[in-house]
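# Notes for the structure review
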Amino acid sequence: MPASDPVPEQLAPVLEWLASEPADDPRAELNALRGHLGGLPEAAVGQCIEEFEARVLDVCGRLKSRLLNAALPLSHELHAVAGELVEALLEVAGKLGEMAAATRERWRPARRGDALAMTGRALSLVHEAFVVAAMGGGVTPPGLWLAAYGIVAAGGGFGALVSARPETAAADALRVLKRLLALAVLQPESLTARELVWANDYLEGIADEGALSTESLQPAAASFWIDPGEDLPPIATIRSAAPAAEGLVYFSAFAVSRALSGQLDWLKERMAEAETVGLELDGELLEPDASGLPVGLTPVEMVSLLQRMRDRWALPPNRGQSRRAYRYSVQVCVGLRAVWEAARSDGATERISEWMVYNESPGGYALMSVEGVTGSLSAGMAVALRRDAGHPWAVCIVRWIRSDSPGQVELGLQVVAQTCTPVTIGFRGAEVSSTTHALILPPLPALRRNQAILAPAGTYASRRFVLVHEGEHLYVAQARVLSLDMQTANVELFQYEVDPYPI
């Protein structure tokens, strides 16, 4: 082989590895992938970049199935693999971006498709990196947004995407970018891994409804602005006005929320029909071909998630109360069952741990683990906290969760009550004739006028239920639901009153 042509000699072992079966150990596979890719000269990358894409996406598919049901915080092994996968995805995406830029240079021959086709493929890998990081509870990796914006620039810039004609490579790349942006503004840290994957699958068919423009969008309250020179996600205009700078890009998922509303109404109607005639909600009623909705969640979970997605896209949340920095320790009880037991036994439970409050507002707290975390955590679950045994339990819902390392977790909590009473309830017409643990929450000014029940997700089955409180005296009452105020993947909260006309 001529010494002046080193590429084939360097490429041979890489092609041999690419032709082999992927390693069962994802860490070994990723180490080999990054080693081979990093050692290739630029001139040789284009000859096998598609094979590198396939290999890294194979690992991605395998690891996402593990992350789907993994408890947070992740184990050390799973956390390390997820981080390495994110880096590998961004590395392959970067190589594609470089190829897209080179393809646009007229004096260079085009390599395997045009620049915008490569841009779309590269953005897809960045999108996968974002999803993997979010499923693992971590913050967006540093450099991810600059990588995405740089890839767009390499393919011709935002102007080329905004003006894309249908059924073109530019339109495909635009769709991928809209899907990434729409998912980012949903605040993935507030979703469980199952909810995140479902929302991501849902966006695959509806992301085109989003709007991307180099001009400001209306309604302004539902729009976001992007500075391609900053490593930041889309920023809600309602929370921070766009600066007077050149090159800003604007995004809105308002039209996505409007399209979603029709599917949400359809789903609610079908669920009501099924309840009336006694059909199974998870059978043929909600087949994807008929509903247009992905699989992976129960109908009740779909309704809860669709409502949150619609609200966040139509009117991004704006902090109405200021946060103040604090630093003091609190006792924390995680999970509705654990809170119920602690309230019932006056705190005599082993499931109390110490956490640190690092900021708070009138409506919530931000906590950090101090002693390490035992058990699983997820967005939407119930948590109670108190200063010490002399204070009542404040009941909260986890609004977001972040875990940048296996030994540390941060929680954002929304206060739903300053005290609680443990009870058991049983709904008329429930599929299982039994009672379940729940908490009575007192009225809370500005939020609810009546007492409320916090119960496990899926408990609410009809308007009437029986309530039992075992205190100094046994108390039994029939009550009726007034309004269903909150549904998450873990709990539901509804206001009620004691039924004046019990049956």
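The shown structure was predicted, so the numbers you read here are calculated from the model rather than taken from an experiment.

## Observations concerning the overall build of the protein
Looking only at helices and strands, one finds 14 helices and 16 strands in the protein. In terms of C-alpha radius of gyration, the protein reaches 26 Å, essentially the compact-globule figure of 23 Å for 503 residues. Counting only C-alpha atoms, the protein reaches 95 × 50 × 45 Å along its principal axes. Each of the 503 residues in the protein was classed as buried or not, and the buried ones make up 48%. For the protein, the proportion of contacts with a sequence separation of at least 24, taken over those separated by at least 6, is 67%. Of the roughly 23700 Å² of accessible surface on the protein, a fraction of 51% belongs to carbon and sulfur atoms. Side chains of the protein give 42 positive and 60 negative charges; the mean places of these two sets differ by 6 Å.

## Observations regarding the sheet that holds strand S8 (residues 382–386)
Note on sheets: strands pair through backbone hydrogen bonds, and any given pair is parallel or antiparallel. Spatially, S5-S6-S7-S10-S9-S8 is the arrangement adopted by the six strands of the closed barrel, whose pairing is antiparallel. Neighbour-to-neighbour, the strand axes of this sheet turn through a mean angle of 45 degrees, independent of strand direction. Strand direction decides the pairing type here: strand S5 (residues 324–334) and strand S6 (residues 352–361), joined by eight bridges, are antiparallel. Counterpart to Tyr-328 in the pairing with S6 is Val-357. The sheet contacts of helix H14 (residues 336–344) involve S5 and S8, and relative to S5 the element is tilted by about 85 degrees.

## Remarks on the nonpolar core
Nonpolar side chains in soluble globular proteins tend to end up buried together. By size, the foremost hydrophobic cluster in this structure holds 115 residues, and its most contacted members are Phe-52, Leu-85, Trp-198, Phe-251, Met-309, Trp-313 and Leu-367. Ranked by residues supplied to this core, first place goes to helix H6 (residues 115–135) with 14 residues. Leave out the neighbours within four places in its chain, and Trp-313 touches Ala-182, Val-185, Leu-186, Leu-203, Ala-222, Ala-253, Phe-254, Val-256, Ser-257 and Leu-260. Counting 21 residues, the second largest nonpolar core, distinct from the first, contains Leu-336, Trp-340, Trp-393 and Leu-441.

## A closer look at the packing of aromatic side chains
In this description, an aromatic ring pair is defined by two values, namely the gap between the centres and the angle between the planes. Under the counting rule described, the total for this entry stands at 12 aromatic pairs. Ring geometry for Trp-17 versus Phe-52: centroids 6.2 Å apart, planes at 35 degrees, classification tilted. With Trp-17 in helix H1 (residues 6–19) and Phe-52 in helix H4 (residues 49–68), the pair connects residues that are 35 residues apart, well separated along the chain. Here Trp-17 matches Phe-52 in class, with each residue buried. Look at Trp-198 and Tyr-202: their rings are 5.6 Å apart centre to centre, the planes differ by 10 degrees, and that puts the pair in the stacked class. Taken as a pair, Trp-198 and Tyr-202 lie in helix H10 (residues 193–204) at a separation of four residues, close to a single helical turn. Note on Trp-198: relative accessible area 1%, which makes it buried. Residue classification places Tyr-202 among the buried positions, given a relative accessible area of 4%. Directly above the ring of Trp-17 sits Arg-55, whose terminal nitrogen or CZ lies 4.1 Å from the centroid. A cation over an aromatic ring shows up here: Arg-402 above the ring of Trp-400, its NZ or CZ 4.0 Å from the ring centre.

## Overview of unusual backbone geometry
Omega for the bond connecting Leu-72 with Pro-73 falls within 30 degrees of zero, at 0 degrees, which places this linkage in the cis form. Tracing the backbone shows Pro-73 in the loop between H4 and helix H5 (76–104). For the bond from Gln-218 to Pro-219, the omega torsion is -5 degrees, close enough to zero to count as cis. Assignment of secondary structure puts Pro-219 in the loop between strand S1 (211–213) and strand S2 (223–226). One non-glycine residue, Glu-167, lies in the positive phi region at around 60 degrees. As for its position among the elements, Glu-167 is in the loop between helix H8 (158–162) and helix H9 (169–184).

## Some points on the sheet that holds strand S15 (residues 474–487)
Read around the closed barrel, the six strands follow the order S11-S12-S13-S16-S15-S14; overall the barrel is antiparallel. Put simply, the sheet's adjacent strands are angled 45 degrees from each other on average, direction ignored.

## What about the side chain of Lys-95?
Structurally, Lys-95 can be placed in helix H5. It turns out Lys-95 is buried and unbridged, and the closest side chain with the opposite charge, Glu-98, is 4.4 Å from it. Those residues in contact with Lys-95, other than ones at most four positions away along the chain, are Leu-37, Val-45 and Ile-49.

## A word on the confidence of the model for the protein
In this model, the protein carries a mean pLDDT of 88, and residues with pLDDT of at least 70 account for 90%. The model gives residues 109–113 a pLDDT under 50, and that stretch makes 11 contacts with residues more than four places away or in other chains.

## Things to note about helix H13 (residues 299–314)
Over its 16 residues, H13 extends 22 Å from the first C-alpha to the last, a length consistent with the 22 Å expected when each residue adds 1.5 Å. Among the residues of H13, Pro-299, Glu-301, Met-302, Val-303, Ser-304, Leu-305, Leu-306, Arg-308, Met-309, Arg-312 and Trp-313 are the ones counted as buried.

## Some remarks on a nonpolar patch on the surface
On the surface, a cluster of nonpolar side chains totalling about 280 Å² of accessible area is made up of Val-466, Leu-474 and Val-476. Looking at where Val-476 falls in the secondary structure, it is placed in strand S15.

## Considering the side chain of Asp-499
For Asp-499, the location among the structural elements is in the segment after strand S16 (491–498). In this structure the side chain of Asp-499 is engaged in a polar contact, spanning 2.6 Å, whose partner is the side chain of Arg-464. Residues in contact with Asp-499, not counting those within four places in the same chain, are Arg-464, Gln-478, Ala-479 and Arg-480.

## As for the pairing of S5
For S5 and S8, the ladder comprises four bridges, and the chain directions are antiparallel. Across the sheet, residue Gln-331 finds its bridge partner in S8, namely Arg-386.

## What about the pattern of salt bridges?
For the coordinates displayed, the defined rule picks out 18 salt bridges. A salt bridge links Glu-195 to Arg-308, with the nearest nitrogen and oxygen atoms 2.6 Å apart. Placement of the pair is Glu-195 in helix H10 and Arg-308 in helix H13, with a sequence separation of 113 residues. On the basis of relative accessibility, which here comes to 16%, the residue Arg-308 falls in the buried class.

## Description of the pairing of strand S14 (residues 464–470)
Side chains on a regular strand alternate between the two faces of the sheet. The sheet contact formed by strand S11 (residues 421–427) and S14 spans four bridges and is antiparallel. Considered in S14, the bridge of Phe-427 is made with Phe-465. Inspection of the sheet shows S14 paired to S15 by seven bridges, in the antiparallel sense. Each bridged residue has a counterpart across the sheet, and for Val-466 the counterpart in S15 is Gln-478. The hairpin turn running from S14 into S15, its antiparallel successor, is three residues long.

Calculation rules
- Residues numbered from 1 in each chain as written.
- Predicted model: local features only at pLDDT ≥ 70, side-chain atom pairs only at ≥ 80, totals over all residues.
- Heavy atoms only, no water.
- Helix = DSSP H or I, 4+ residues; strand = E, 2+ residues; numbered from the N terminus.
- Rg over C-alpha atoms; globule rule 2.2 N^0.38 Å.
- Buried < 20%, exposed > 50% of the residue type's maximum accessible area, 1.4 Å probe, protein only.
- Contact = heavy atoms within 4.5 Å.
- Areas by Shrake-Rupley, 256 points an atom, 1.4 Å probe, with all protein chains shown as cover.
- Lys, Arg positive; Asp, Glu negative; His and termini not counted.
- Charge placed at Lys NZ, Arg CZ, Asp CG, Glu CD.
- Pairing = 2+ DSSP bridges.
- Axes fitted to C-alpha atoms, helices over the stretch in contact; angles between N-to-C directions.
- Core = buried A, V, L, I, M, F, W, Y, C linked by side-chain atoms within 4.5 Å.
- Phe/Tyr/Trp six-rings, centres within 6.5 Å; stacked < 30°, edge-to-face > 60°.
- Lys NZ or Arg CZ within 6 Å of the ring centre and 35° of its normal.
- Salt bridge = Lys/Arg side-chain N within 4 Å of Asp/Glu carboxyl O.
- pLDDT = per-residue confidence, 0-100.
- Expected span 1.5 Å × (residues − 1).
- Patch = residues over 30% accessible without salt bridge, like charges linked within 9 Å, V, L, I, M, F, W, Y side chains within 5 Å.
- Polar contact = N/O pair within 3.5 Å; in protein donor to acceptor, adjacent residues only side chain to side chain.

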